[in-house]
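Listed below, chain by chain, are the residues.
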Amino acid sequence: MDALDAGAGSLLRQPKAVWATAGASVVAFMGIGLVDPILPSIAQGLDATASQVSLLFTSYFLITAFAMLVTGWVSSRIGGRKTLLLGLAFVVVFAGLAGTSGSVAELVGFRAGWGLGNALFVSTALAVIVGAAAGGSAAAILLYESALGLGMACGPLLGALLGDASWRYPFFGTAFLMAVGFLCITVFLKEQPRPARKTSLLDPVKALGHGGLASAAASAFFYNYTFFTVLAFTPFVLNMTPYKSGAVFFAWGVLLAVFSVIVAPRLQARFGSLKVLGGSLVLLAVDVLVLGYGSHTTAIVCTILSGAFIGVNNTVYTELALGVSDAPRPVASAGYNFVRWFAAAAAPYFAPKIEEWTDIHVPFVVAAVTALAGAAVVVVRRTALTREAEELEAKHAAEDGVAVFVN
């Protein structure tokens, strides 16, 4: 029985603390795609342009990138439980305030505060789940990945259902659900052991001095630009009602979840991680290029299909980031995420700007090029990225912590 099957066998036999944290993780990941179906509605309601509304993603992920340097520092000092509760409190406050916004500037600012809270929560959730889970780390990581996929799928659906009445309601709904998560973690989760060594603010940056980790981060940077062009810019291209747009991105999220948790590990076992990653990035490039130049129906199909490639890429990049260097997993992951989230902040801003400067097709050409650039890094740096996992398995198995990774 492989690790995935062993994890699946233990997946449902978890203590209440794990389910409370996993449930809150679903809602946290929902926040990423929540605004997708209502972006046109927000633009209309606040009399804003597409590039102005896209700053909702830019401010969110820019703060998330810098927060990667802070979350390990915080959690190693106050503990995982308090870090989770602090992050949830930030999300509750700023998601609620976002629903009261009277201008795009206010909404962007509140979304930035939301991003800080989400980073504190999500970056700590995996370590907490692994620390409290029954059945070993395989079951815990599978549960975390399942929460990520479910959240990415349900976020657009919730945004559509609530946003059909008003673009403000999804923000209030998220605040309410995260408040429930706050109460559940307060009741069911006990404090987790703190790391033996406190993490400094510069440790993640120093970890990027390793060639393999730097290569993984560089490739993921280009990939994330493509990923978030699809997520943040495509809703304006599809120009559909919240319900229809929510249905499209729900199907996209389902494919992302299935290919991340089920398909990717099997492809890796058969073909190897680097071949799978390189091939998936090339296919993603083709997909977004067809999306940009195809008919409206073709664009819908390609948007949904991109979820499959994104799911595969997310899983492989996670393993590369955690296993390619000898840095502690939380530190390596923080450095990797610090780099890649800058692209997630850049794509939502530049894609609509590129459309304004050129036409609606060119943003997808750029996204295809960045996906190919990510594949090129994998090919050129394959020696640095091919460090055998067995070399580090004993070291990582002895570590108390598990990487903090935001997908």
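What counts and how
- Residues numbered from 1 in each chain as written.
- Predicted model: local features only at pLDDT ≥ 70, side-chain atom pairs only at ≥ 80, totals over all residues.
- Heavy atoms only, no water.
- Helix = DSSP H or I, 4+ residues; strand = E, 2+ residues; numbered from the N terminus.
- Contact = heavy atoms within 4.5 Å.
- Buried < 20%, exposed > 50% of the residue type's maximum accessible area, 1.4 Å probe, protein only.
- Polar contact = N/O pair within 3.5 Å; in protein donor to acceptor, adjacent residues only side chain to side chain.
- Patch = residues over 30% accessible without salt bridge, like charges linked within 9 Å, V, L, I, M, F, W, Y side chains within 5 Å.
- Areas by Shrake-Rupley, 256 points an atom, 1.4 Å probe, with all protein chains shown as cover.
- Salt bridge = Lys/Arg side-chain N within 4 Å of Asp/Glu carboxyl O.
- pLDDT = per-residue confidence, 0-100.
- Axes fitted to C-alpha atoms, helices over the stretch in contact; angles between N-to-C directions.
- Parallel < 35°, antiparallel > 145°, perpendicular 65-115°, else oblique.
- Left-handed = near helix turned anticlockwise from the far one by under 90°.
- Nonpolar A, V, L, I, M, F, W, Y, C, P; charged D, E, K, R; others polar.
- Expected span 1.5 Å × (residues − 1).

**Focus: the overall build of the protein chain**
When helices and strands are counted, the protein chain shows 18 helices and zero strands. Contacts in the protein chain between residues at least 24 apart in sequence constitute 87% of all its contacts with a sequence separation of at least 6.

**Brief notes about the environment of Y60**
Inspection of the secondary structure puts Y60 in helix α5 (residues 55-78). According to the relative accessible area criterion, Y60 is buried, its value standing at 1%. Measuring from C-alpha to C-alpha, the distance between Y60 and L116 comes to 7.6 Å, with 56 residues separating the pair along the chain. Setting aside anything within four residues of it in sequence, one finds Y60 in contact with A28, G31, I32, R111, W114, G115 and N118. Side-chain polar atoms of Y60 contact the side chain of N118, separated by 2.6 Å.

**Focus on a nonpolar patch on the surface**
Among the surface-exposed residues, L157, L161, Y243, F250, V254, V258 and I262 lie close enough to one another that they form a single nonpolar patch of about 550 Å² accessible area. Of all elements in the fold, only α8 (136-163) and α12 (242-271) reach the threshold of two or more residues within the nonpolar patch. Assignment of secondary structure puts V258 in helix α12.

**Looking at the confidence of the model for the protein chain**
With 87% of its residues at a pLDDT of 70 or more, the protein chain has an overall mean of 82. Note on residues 1-9: pLDDT under 50 across the span, and twelve contacts to partners over four residues away in sequence or across chains. Low pLDDT, under 50, characterises residues 388-407; the predicted model gives this stretch 52 contacts beyond four residues in sequence or across chains.

**Notes on the side chain of T174**
Mapped onto the fold, T174 is located in helix α9 (residues 169-188). If near-sequence neighbours (up to four positions away) are discounted, T174 is found in contact with V27, L34, V91, A95 and W114.

**Here's the deal with the packing of α12 against helix α14 (residues 296-323)**
Relative orientation of the contacting elements α12 and α14 amounts to 40°, with a least axis distance of 7 Å. Classed by the angle they form, the pair α12 and α14 counts as oblique. Along this stretch, α12 crosses α14, giving a crossing that reads as right-handed. The class makeup of the residues in the contact of α12 with α14 is 16 nonpolar, eight polar and one charged.

**Describing the packing of α12 against helix α13 (residues 273-293)**
Look at α12 against α13: their axes get within 7 Å of each other, and the N-to-C directions meet at 120°. Between α12 and α13, the crossing angle belongs to the class labelled oblique. Residue-level contacts link L267, Q268 and F271 of α12 to S273, K275 and V276 of α13. Its residues assigned to classes, the contact of α12 with α13 shows three nonpolar, two polar and one charged.

**Brief notes about the pattern of salt bridges**
All chains considered together, the criterion is met by one salt bridge. In this structure, K353 and E356 form a salt bridge, with 3.9 Å as the shortest nitrogen-oxygen distance. In this pair, K353 and E356 both sit in helix α15 (residues 329-357), three residues apart, roughly one turn of the helix. Residue class for K353 comes out partly exposed when judged on its relative accessible area of 21%.

**Digging into helix α16 (residues 362-380)**
In this model α16 runs 27 Å from its N-terminal to its C-terminal C-alpha over 19 residues, within 8% of the 27 Å that 1.5 Å per residue would give. Every buried residue belonging to α16 is among P363, F364, A367, A368, T370, A371, G374, A375, V377 and V378, and all of these are buried. On its buried side, α16 packs onto α11 (211-238), α13, α15 and α17 (382-385).

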